[in-house]
Amino acid sequence: MSDFRTDYDYELRAYNERLREAAGLVVGEHVLDVGCGAGQSTRDAARAVAPGRVLGIDLSAPLLDRARQATAQERLDNVRYVQADAQVHPFAAGEYDVAISRFGVMFFAAPVAALRNVAHALRPGGRLVLLVWQRREDNTWVTAVDHALGRTVAPGAALDAFSLGDPTATRRLLEAAGLHDIHLDDIREPVYYGRDTDSAMAWVQGFSTTQDALARLPPDEADAALARLRATLDAHLDPDAGVVLDARAWMITARVSSS
């Protein structure tokens, strides 16, 4: 495998296309990308709306460095990035037509306040387009790995990647943040963990959750867990597509009030 930016975008490549379709960006629009990471979705948006402007916001300085490097290499001059917390960043009111996010909004400590702050950045009638994971138990890409590692997660133990997986609760959060015309569409696309079992093993062993689970085990049990993990990934190897695991997400679309 090469680096995180390339591999994470490779992993989610089917979802990149679904987000582009749902966002429906048009020339001249101004776009806010929340939790932009290394900027794949930000750069896609920049190409779609040029000469409209795009802002990518994320907490991670290393990922933003990669985003800036890739943006410069692609010679996109309508993008800027800011390292900040979207929950509290002082966005100018009504500056953006659209806010997008590819799995970047599930970790807010105060989701209603965060969504309200993002909505504040949108013009009247502006739209929000978010990809979030459905419930943990509906996502084979995590449950298969958890099972192989013997990892159990207490429901509600902490905010995690599946914190917006309950559609009823998530709709209520969006309504409480003042958003309207809310839709949650069921998206089922695979995630790609590697071109072969070896590369998938390297990728999954790099996850902090995998490292934490292995660190809690005695050496002989950790070796057995790694053997089970390899067998699990090998069972999901497609000769043409690589290691492919099933995944479920919500595509959330909503609007701020037009008045």
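In the block above lies the structure referred to throughout.
Residues numbered from 1 in each chain as written. Predicted model: local features only at pLDDT ≥ 70, side-chain atom pairs only at ≥ 80, totals over all residues. Heavy atoms only, no water.

Chemist: Help me understand the layout of surface pockets in this model?
Modeler: Gaps left between atoms show up when a probe the size of a water molecule is rolled over them. Considering only enclosed or pocket space, the largest pocket measures out at about 1,200 Å³ in volume. Secondary structure elements with two or more residues in the lining of the largest pocket: helix H1 (4–11), helix H3 (40–49), strand S2 (54–58), helix H6 (140–149) and helix H9 (208–215). Classifying every residue of the lining of the largest pocket by side-chain character gives 27 nonpolar, 12 polar and 10 charged. (1 Å grid on protein atoms, 1.4 Å probe; cavity = no way out; pocket = protein on both sides within 12 Å on 5 of 7 lines; lining within 4 Å. Points joined across faces, edges and corners; volume = space filled by probe spheres on them. Helix = DSSP H or I, 4+ residues; strand = E, 2+ residues; numbered from the N terminus. Nonpolar A, V, L, I, M, F, W, Y, C, P; charged D, E, K, R; others polar.)

Chemist: Any chance you could explain the packing of aromatic side chains here in plain terms?
Modeler: Following the criterion strictly, the structure yields eight aromatic pairs and no others. Judged by centre distance (3.9 Å) and plane angle (10 degrees), the rings of Phe-103 and Trp-133 are stacked. Of this pair, Phe-103 sits in the loop between strand S4 (96–102) and helix H5 (111–120) while Trp-133 sits in strand S5 (residues 122–133), and the two are 30 residues apart along the sequence. Comparing Phe-103 with Trp-133, the two get one shared label, buried. On the basis of an interplanar angle of 35 degrees and a centroid distance of 5.6 Å, the ring pair of Trp-141 and Phe-162 is categorised as tilted. Highlighted residues: Trp-141 in helix H6 and Phe-162 in the loop between H6 and helix H7 (167–176), separated in sequence by 21 residues. Judged by its relative accessible area of 12%, Trp-141 is buried. On the basis of relative accessible area, Phe-162 is assigned to the buried category, the value being 11%. Taken together through their ring pairs, the aromatic side chains of Tyr-15, Phe-103, Trp-133, Trp-141 and Phe-162 make up a single cluster. For the cation-ring pair, Arg-13 lies above Tyr-192, with the distance from its terminal atom to the ring centre recorded as 3.6 Å. (Phe/Tyr/Trp six-rings, centres within 6.5 Å; stacked < 30°, edge-to-face > 60°. Buried < 20%, exposed > 50% of the residue type's maximum accessible area, 1.4 Å probe, protein only. Lys NZ or Arg CZ within 6 Å of the ring centre and 35° of its normal.)

Chemist: Help me out: how do you make sense of the sheet that holds strand S10 (residues 248–255) in this one?
Modeler: Paired through their backbone hydrogen bonds, the strands of a sheet run either parallel or antiparallel. Spatially, the seven strands line up as an open sheet ordered S3-S2-S1-S4-S5-S10-S6, and their pairing is mixed. Two strands close off the open sheet at either side, each with one partner strand: strand S3 (79–83) and strand S6 (180–188). The mean angle between the axes of side-by-side strands here comes to 15 degrees, regardless of whether they run parallel or antiparallel. Two elements, S2 and S3, share five bridges in a ladder whose sense is parallel. (Pairing = 2+ DSSP bridges. Axes fitted to C-alpha atoms, helices over the stretch in contact; angles between N-to-C directions.)

Chemist: Just checking my understanding: could you explain the pairing of strand S9 (residues 242–245) for this structure?
Modeler: Consecutive residues of a regular strand have side chains that alternate between opposite faces of the sheet. Where strand S7 (residues 191–194) meets S9, three bridges bridge the pair, whose relative direction is antiparallel. Paired with Val-191 across the bridge in S9 is Leu-245. In this structure, the hairpin formed by strand S8 (residues 237–238) and S9 is closed by a connection of three residues.

Chemist: Got a minute to help me understand the sheet that holds S7 in this structure?
Modeler: Spatially, the three strands line up as an open sheet ordered S7-S9-S8, and their pairing is antiparallel. The two strands at the open ends of the sheet, each matched to only one other strand, are S7 and S8. Judged from the two bridges that link them, S8 and S9 form a sheet pairing that is antiparallel. Looking at the pairing, Leu-237 lines up with Val-243 of S9.

Chemist: Can you help me understand the packing of H5 against H7 in this one?
Modeler: How two helices sit against one another is set out by the angle between their axes and by the gap between those axes. Running from amino to carboxyl end, H5 crosses H7 at an angle of 50 degrees, the nearest separation of the two axes being 8 Å. With respect to H7, the element H5 is oriented oblique. Our pair here, H5 against H7, has a crossing hand that is right-handed. Across from Pro-111, Val-112, Leu-115 and Arg-116 in H5, the residues of H7 making contact are Leu-173, Leu-174 and Ala-176. When its residues are assigned to classes, the contact of H5 with H7 shows six nonpolar, no polar and one charged. (Parallel < 35°, antiparallel > 145°, perpendicular 65-115°, else oblique. Left-handed = near helix turned anticlockwise from the far one by under 90°. Contact = heavy atoms within 4.5 Å.)

Chemist: Explain H3 to me, please; I cannot follow it from the model alone.
Modeler: Note on helix geometry: an α-helix contains 3.6 residues per turn, so any two residues three or four positions apart are oriented the same way. Most of H3 sits inside the fold, with eight of its 10 residues counted as buried. Restricting attention to buried positions, one finds in H3 the residues Gln-40, Ser-41, Thr-42, Arg-43, Asp-44, Ala-45, Ala-46 and Val-49.

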